[in-house]
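# Remarks on the overall topology
Listed below are the residues making up each chain.
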Amino acid sequence: MNTTLLHPREQIIMIIDRIYKGGLTTTSGGNISIRDENNDIWVTPSAVDKGTLRPSDIICVKNDGTFEGPHKPSSEFPFHKAIFEARRDLTAIIHAHPPALVSFSIVRQIPNTNIIPQAKFVCGSIGYAPYELPGSEALGESIAKEFVKKHNAVIMENHGTVVGGSDLKNAYERFETLEFCARTILNAKTIGEPRFLTDQFIADFEAQIPYQLPEQAEVSHPSDERAIRKNIVKIVRRASDQGLMRSTYGTVSVRWRNNDFLITPTNLSRWDIQLEDIVQIKDGKREKGKIPSRAVKLHERIYSENPNINSIIFTQPPYLMAYGVTDVPIDVRTIPESWIFLQDIPKVSFGSQFFDKDIIPKKLNKNIPAILIENDSILVTGDALLQTFDRLEVAEFSARSLIMAKPMGELNPINDKQIEDLRKNFLS
Ligand SMILES: [Zn+2]
């Protein structure tokens, strides 16, 4: 959806709702603003419940400092104004106290976004603003000084974070990605040492020319194709709402007929994906006028190599990714459900996901439905899409339990005999 066509009030409500439901702000904390073409600034009000905010609650602050609306503007308005004055190219700002970024803020560190390849591009360089009194002009100066250095995101000492964007959706993607990096690093540190990609590695990744399939001349959408389309949209939105997928990353595909399939597009926010965004791939050609995910060639190879796989999800949930960015193996012999659904999850090195490689399509089989790609993603496969999604949920829950258990003691896995019993009773 092109959210910039919505009134600033509606854009703000849409995003604050996502931030609140995503556990990224409290009822009282956090504020969002948009600068419009008249230089008016639309901003969340002071002291109104973030869980029930409506478009009519949003305040418009005029150029001369007067404001219109039923409440007072956010008490943090001075720093929003200072950032907009420092950076003409930014039109939206998000400030909040999301838990992982606050952890970084109180140990006075900046998250290293080289933890996954695309985060550096999404977040840009990150600044650090020394502590000042909330709501003060001095805080505005401290933050604006960092934005002047072309940072688009700033960690606020003993406070939280503030990010800017070319529009609000762009700011939200940056905010969400930065918190994801922070969570992944914290989770990784709980079990081991995170491994970061070098700038060269990331440059190589960016240099990967997206494999462009030829276009179909004609496209038709039979009923079974439309049913798949709906199913993909539902699962992608669900994964986004469950924190299993972010705006800027995640690919879902479902086999249609033979080796034809439908797949998510590239570069569109996952959480508001629409039916018409899904791309049909038929006889190795893409639906006219649409650009499929950059991983389309890999999906194609997985389907042609594995006739039993009928759906695929690639994504980056923060607990599984802790295993993806450390050398610690993930042992899913935690509870029967985890082992039955996943058996063992092998890891492959970064780069195995690129389009000319056969490593992943050949590694998948009946006993290996999921693979971790180092510093990149988890790949989950299955028959029906709901089954694949369930596997993804089980995998993320397992990783989460393992990480939560870490301070309590070592994992006591289900033993070999118990595994053999599970195999006999559930898998043969
Ligand atoms: Zn604050």
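Scroll up a little and you will see the structure.
What you see is a predicted model, and the numbers here were worked out from it, not measured in a lab. (Residues numbered from 1 in each chain as written. Predicted model: local features only at pLDDT ≥ 70, side-chain atom pairs only at ≥ 80, totals over all residues. Heavy atoms only, no water.)

## Brief notes about the side chain of E300
Looking at the secondary structure, you find E300 in helix α9 (residues 296-305). Look past the residues within four positions of E300 in its chain and what remains in contact with it is L213, F261, I281 and G284. (Helix = DSSP H or I, 4+ residues; strand = E, 2+ residues; numbered from the N terminus. Contact = heavy atoms within 4.5 Å.)

## What about the coordination of the zinc ion?
For the zinc ion, every protein donor is listed as H95 (NE2), H97 (NE2) and H159 (NE2), and the spread of their distances is 2.1 to 2.2 Å. Read in sequence order, the donor residues coordinating the zinc ion give the pattern H-x1-H-x61-H. One end of the pair, H95, is in strand β5 (residues 92-96); the other, H159, is in the loop between β7 (153-156) and β8 (160-165), with 64 residues separating them in the sequence. Neither residue differs from the other here; H95 and H159 are each classed as buried. (Donors = N, O, S within 2.8 Å, 3.2 Å for Na, K, Ca; no water. Buried < 20%, exposed > 50% of the residue type's maximum accessible area, 1.4 Å probe, protein only.)

## Thoughts on the sheet that holds strand β3 (residues 59-61)
The strand order across the open sheet built from 8 strands is β4-β3-β2-β1-β5-β8-β7-β6, with neighbouring strands paired in mixed fashion. Two strands lie at the open edges of the sheet, namely β4 (67-68) and β6 (126-129), each paired on one side alone. Taken together, the 2 bridges between β3 and β4 define a ladder with antiparallel strand orientation. The residue bridging C60 from the neighbouring strand is E68, located in β4. On top of the sheet, helix α2 (residues 77-86) reaches β1 (31-35), β2 (41-43), β3, β5, β7 and β8; it is set at about 35° to β1, its chief contact. Those strands touched by helix α6 (residues 168-191) are β1, β5, β6, β7 and β8, and its axis lies near 145° from that of β8. (Pairing = 2+ DSSP bridges. Axes fitted to C-alpha atoms, helices over the stretch in contact; angles between N-to-C directions.)

## Re the sheet that holds strand β14 (residues 347-348)
Strand pairing in a sheet is mediated by backbone hydrogen bonds. Such pairs are either parallel or antiparallel. In spatial order, the strands read β12-β11-β10-β9-β13-β16-β15-β14; together these 8 strands make up an open sheet with mixed pairing. Among the strands making up the open sheet, the edge pair consists of β12 (285-286) and β14. Pairing between strand β11 (residues 279-282) and β12: 2 bridges, direction antiparallel. Paired with K282 across the two strands is K285, which belongs to β12. Along the sheet, helix α8 (residues 223-241) contacts β9 (251-255), β10 (261-263), β11 and β13 (311-315); its crossing angle with β9, the most-contacted strand, is approximately 150°.

## Here we look at the nonpolar core
By size, the foremost hydrophobic cluster in this structure holds 81 residues, and its most contacted members are I94, I232, I330 and I345. Of all the elements, α6 adds the most residues to this core, at 11 residues. Residues within four places of I232 in sequence aside, it is in contact with V252, S253, V254, L262, I263, T264, I278 and L385. (Core = buried A, V, L, I, M, F, W, Y, C linked by side-chain atoms within 4.5 Å.)

## Examining the layout of surface pockets
As a volume, the largest pocket reaches approximately 950 Å³. Forming the boundary of the largest pocket are 38 residues, of which T248, T266, N267, R270 and R294 lie nearest the centre. Going through the elements one at a time, α4 (119-123), α6 and α7 (199-207) are the ones with two or more residues in the lining of the largest pocket. For the lining of the largest pocket, the element with the most residues is α6, which contributes 4 residues. (1 Å grid on protein atoms, 1.4 Å probe; cavity = no way out; pocket = protein on both sides within 12 Å on 5 of 7 lines; lining within 4 Å. Points joined across faces, edges and corners; volume = space filled by probe spheres on them.)

## Section: the packing of aromatic side chains
All chains considered together, the criterion is met by 3 aromatic pairs. Ring geometry for Y172 and W271: centres 6.0 Å apart, planes at 85°, overall edge-to-face. You can see Y172 sitting in helix α6 and its partner W271 sitting in the loop between β10 and β11, a full 99 residues away along the chain. The same class applies to Y172 and to W271, which are both buried. Ring geometry for F201 against F350: centres 5.5 Å apart, planes inclined by 45°, an arrangement best described as tilted. Taken together, the positions of F201 in helix α7 and F350 in the loop between β14 and α12 (359-363) put the pair 149 residues apart, joining distant regions of the chain. Judged by its relative accessible area of 13%, F350 is buried. Between the NZ or CZ atom of K169 and the centre of the ring of W271, over which it lies, the distance is 5.7 Å. Taking the ring centre of F180 as reference, the NZ or CZ of R246 above it sits at 4.0 Å. (Phe/Tyr/Trp six-rings, centres within 6.5 Å; stacked < 30°, edge-to-face > 60°. Lys NZ or Arg CZ within 6 Å of the ring centre and 35° of its normal.)

## Regarding the packing of α8 against helix α13 (residues 385-405)
Where α8 contacts α13, the axes come no closer than 11 Å and their chain directions differ by 15°. By the angle between their directions, the pair α8 and α13 is classed as roughly parallel. In this structure, α8 crosses over α13, and the sense of that crossing is right-handed. Contact with α8, carried on its side by N231, I232, I235, R238 and A239, involves L385, L386 and F389 of α13 and no other residues of that element. Split by residue class, the contact of α8 with α13 holds 6 nonpolar, 1 polar and 1 charged. (Parallel < 35°, antiparallel > 145°, perpendicular 65-115°, else oblique. Left-handed = near helix turned anticlockwise from the far one by under 90°. Nonpolar A, V, L, I, M, F, W, Y, C, P; charged D, E, K, R; others polar.)

Purely spatial values, then, with no claim about function.
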